[in-house]
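If you want the building blocks of each chain, they are given just below.
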Amino acid sequence: MALKPLDIFKFLPKTNCKECGFPTCLAFAMQIAIGKADLSQCPYVSEDAKRQLASESAPPIKTIIVGNKEKINLGGETVLYRHEKTFYNPTGIGVLIDEDMNEEKIEGEIKNICEMKYERVGVILKGEFIGIFDKGKGKFVEIVKKGYETGKNLILMSDNIDNLKKAIEISKDVRPIVFPDTLKDEILQIVKDNNLPIVVKGSNIDEISENVKKVKNSGVEEIIIYVESKKISDVFKNLILIRRSAILKKNKELGYPVLTIPAFLTDNYLKEGIYASIFIAKYGSIVLLSKLNGEVLFPLLIERLNIFTDPQRPMTTPEGIYEIGKPDENSPVFVTTNFSLTYFIVSGEIENSKIPAYLLIQDTEGLSVLTSWAADKFNADTIANLVKKTKIEERLKKKVLIIPGVVAQIYGELEEQLPDWKILLGPREAAHIPSFVRNVEI
Ligand code: SF4
C-alpha cells in the first residue's frame, strides 16, 4: 500500500540539504508518496530506512516476475479501481494446450501464439503464455519442449513428479509457473529448489488462504492463486473478494496474482471470450484460452491495452518518423502530435489517400493538435526542431512538409525556420487528407 508523505518523512535525515533536488526533506517525501521521486535520490538515507520503507511500501498484491525472453510482471497492483491510480501489470494472455489435442492442433496453437500480433499506438499486442495440461497421455514433456522453443512463458499443469522434473529441466530459464493438482510435499520441494512460482487453488477464499499458508510454510514465496469452480459467478465473486481482501484488509494470504482459465467454465468459444474479457477487467493476472482466433484475441488485447493504461495520462504514440505505404525520396512529410487518437486518424487518412508518405510525430505529452498549439507545445520552433532532430531530410530529395490546417498561424514562422522546405498548409480535418493530396501539387 502506498505510504503517506509523513510516513516517509520520518525515515529521512531532515537536514534539508537539497541534494535530492527538492528544497526540503518533506517536499522530497511528498514527491516519493506520489511516485514522482525515488528514495535513491537521497544519498543520506540509511540502509535500515531503505529496508523498512521497501517492505512497508510493497504493494498489497505481490509482484511475481516470470519469463526470460518475454519477461512479464504479474500482480503488483495497489488499488481496486483503475481511476484511483492506475493498474500496473497487464493481464498475461495465453493458450491452453492439453494432451488430448491432436498434433496438428497443438502445432497450430503454438504457431498462433507466436504469430498473432497486432500493432496499435506503436505497441505490439500479443499473447505471452502457453499453459500445458498433463493428462497422462505421455506427450507432456514433448509439448513443453515445443512451448519452450517459442520463448513464451510456460505454465506446467501436472501432478506427475517425473514429468514436472523433466519439464522444469527443459524450461527453468524462462521461470515456468508450476500448476499442480495437489500440493504434494515433493512438488513443493521441486518448486522451492528451482525457485519457481506455483499456482495454489481453492474453491473459496478460506480454502485458498489455508493452501497459501501451507505453501508459504514450505518456504515457497511466489504464489499465484486459482479459483477452482465450474461456474463463472463463483469465479467472478471470488476474484473480487480476493482483491478486496488483499487491498482493503491487507490480507497477506490473498495478496497474490490470480490465474484464470475461462475454457474450464464453458464449451462455447464466444462465451469463453466474454468471460476472458471479464477477467481482464476484474482481476485476472493471467487468462488462458482454449484456442486463439483473431476475432476473440484482438478485442481482448485491445481491452487489456485500455484497462492497463494510466487513466490520468492520455495515450501516446512514440515521437519519430512513421512510414505510411512505401514512401521514397519524393514523398511528402506530414507532421502531427503524439496523442494516439490523432496519430490513428491522421495515419489512417494518409493510408486512405494511397499516396505513400512520411508521418512525423512530435511528442506533445499526449495533447491533440489544437490543445498543444494553445499550450505552446506544438509550434514553429518545436516542429523545426523535430525535423532537424529526426534528420528526415536525409531520406528526401523533395522536401515538402504538410502541417495541420488548424495551426495556420505558424505557417510563416515555420517557412522562416525551415527555408529549404516547401511548407504546405494541410486540411483542417484529417478526413480531408485524401482529397487534399489528390488536388495539391506536392
Ligand atoms: Fe533531505 Fe536527503 Fe533531500 Fe537532503 S537529500 S534534502 S537529506 S531528503
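Residues numbered from 1 in each chain as written. Predicted model: local features only at pLDDT ≥ 70, side-chain atom pairs only at ≥ 80, totals over all residues. Heavy atoms only, no water.

So, the overall build of the protein
For the protein, the count of helices and strands is 16 helices and 17 strands. Counting over 442 residues, the protein shows a buried share of 50%. For the protein, the share of sequence-separated contacts (at least 6 apart) that also reach a separation of at least 24 residues comes to 64%. With an accessible surface of roughly 21000 Å², the protein has 51% of that area assigned to carbon and sulfur atoms. Each charge sign in the protein was given a centre, from 59 positive and 61 negative side chains, and these centres are 3 Å apart. (Helix = DSSP H or I, 4+ residues; strand = E, 2+ residues; numbered from the N terminus. Buried < 20%, exposed > 50% of the residue type's maximum accessible area, 1.4 Å probe, protein only. Contact = heavy atoms within 4.5 Å. Areas by Shrake-Rupley, 256 points an atom, 1.4 Å probe, with all protein chains shown as cover. Lys, Arg positive; Asp, Glu negative; His and termini not counted. Charge placed at Lys NZ, Arg CZ, Asp CG, Glu CD.)

Concerning the packing of aromatic side chains
Tallied over the entire structure, the rule returns 8 aromatic pairs. Geometrically, the ring pair formed by Phe87 and Phe308 is tilted, given 5.9 Å between the ring centres and 50° between the ring planes. Here Phe87, found in the loop between strand E2 (72–75) and strand E3 (92–98), pairs with Phe308, found in the loop between helix H11 (294–307) and strand E13 (320–324); they are 221 residues apart in sequence, far enough to count as distant. Comparing Phe87 with Phe308, the two get one shared label, buried. Grouping aromatic residues by their ring pairs yields a cluster made of Phe87, Tyr283 and Phe308. When the ring centre of Phe9 is taken as origin, the NZ or CZ atom of Lys14, which lies over that ring, is 5.2 Å away. Cation over ring: Lys291 sits above Tyr269, and NZ or CZ is 4.7 Å from the ring centre. (Phe/Tyr/Trp six-rings, centres within 6.5 Å; stacked < 30°, edge-to-face > 60°. Lys NZ or Arg CZ within 6 Å of the ring centre and 35° of its normal.)

Examining the site of the ligand
If you check the shell around the ligand, you find Pro13, Thr15, Asn16, Cys17, Lys18, Glu19, Cys20, Cys25, Phe28, Cys42 and Pro43 and nothing else. Along the lines of polarity and charge, the residues of the shell around the ligand split into 7 nonpolar, 2 polar and 2 charged. (Near = heavy atom within 4 Å. Nonpolar A, V, L, I, M, F, W, Y, C, P; charged D, E, K, R; others polar.)

Focus: the nonpolar core
In terms of nonpolar packing, the biggest core is built from 70 residues, with Ile97, Leu154, Leu156, Ile198, Val215, Ile225 and Ile242 touching the most fellow members. Setting aside its immediate chain neighbours within four residues, Ile225 contacts Val199, Val200, Ile208, Val212, Ile242, Glu253, Leu254, Tyr256, Pro257, Val258 and Leu259. Counting 22 residues, the second-largest nonpolar core is a separate cluster that includes Val335, Ala380, Ile392 and Ile403. (Core = buried A, V, L, I, M, F, W, Y, C linked by side-chain atoms within 4.5 Å.)

Quick notes on a nonpolar patch on the surface
On the surface, Leu6, Leu26 and Met30 cluster together into a nonpolar patch covering about 280 Å² of accessible area. The residue Leu26 is located in helix H2 (residues 25–33) in this model. Assessed through its relative accessible area of 34%, Leu26 is described here as partly exposed. (Patch = residues over 30% accessible without salt bridge, like charges linked within 9 Å, V, L, I, M, F, W, Y side chains within 5 Å. Salt bridge = Lys/Arg side-chain N within 4 Å of Asp/Glu carboxyl O.)

Some points on the pattern of salt bridges
One pass over the full model with this rule turns up 25 salt bridges. Across the pair Asp159 and Lys184 runs a salt bridge, and its minimum N-O distance is 3.9 Å. Of this pair, Asp159 sits in the loop between strand E7 (153–157) and helix H6 (161–171) while Lys184 sits in the loop between strand E8 (177–178) and helix H7 (185–193); the two residues are 25 residues apart in sequence, bridging distant segments of the chain. Note that Lys377 is salt-bridged to Glu365, the shortest N-O span being 3.4 Å.

Digging into the packing of helix H4 (residues 103–115) against helix H5 (residues 140–149)
For the pair H4 and H5, the least separation of the axes is 10 Å and the interaxial angle reads 25°. Judged by the angle between their axes, H4 and H5 are roughly parallel. Seen from above, H4 lies across H5 with right-handed handedness. Mapping the contact onto sequence places Glu103, Ile106, Glu107 and Ile110 in H4 and Glu142, Ile143, Lys146 and Gly147 in H5. (Axes fitted to C-alpha atoms, helices over the stretch in contact; angles between N-to-C directions. Parallel < 35°, antiparallel > 145°, perpendicular 65-115°, else oblique. Left-handed = near helix turned anticlockwise from the far one by under 90°.)

Details of unusual backbone geometry
Following Lys282, the chain continues into Tyr283 via a peptide bond in cis, with omega recorded as -20°. Its place among the elements puts Tyr283 in the loop between helix H10 (269–281) and strand E12 (286–289). Phi at Asn195 is positive, roughly 55°, even though this residue is not glycine. Mapped onto the elements, Asn195 comes out in the loop between H7 and strand E9 (198–202). For Asn195, a relative accessible area of 52% puts it in the exposed group.

Focus on a negative patch on the surface
A cluster of acidic residues, Asp376, Asp381, Glu413, Glu415 and Glu416, forms a negative patch at the surface. Tallying contributions element by element places helix H15 (residues 411–417) first for the negative patch, with 3 residues. When its relative accessible area of 39% is taken as the criterion, Asp381 is described as partly exposed.

Regarding the side chain of Ser158
Counting through the fold element by element, Ser158 comes out in the loop between E7 and H6. Those residues in contact with Ser158 that sit more than four places away from it in its chain are Asp134, Phe140, Asn163, Leu164, Phe179, Pro180, Asp181 and Ile187.

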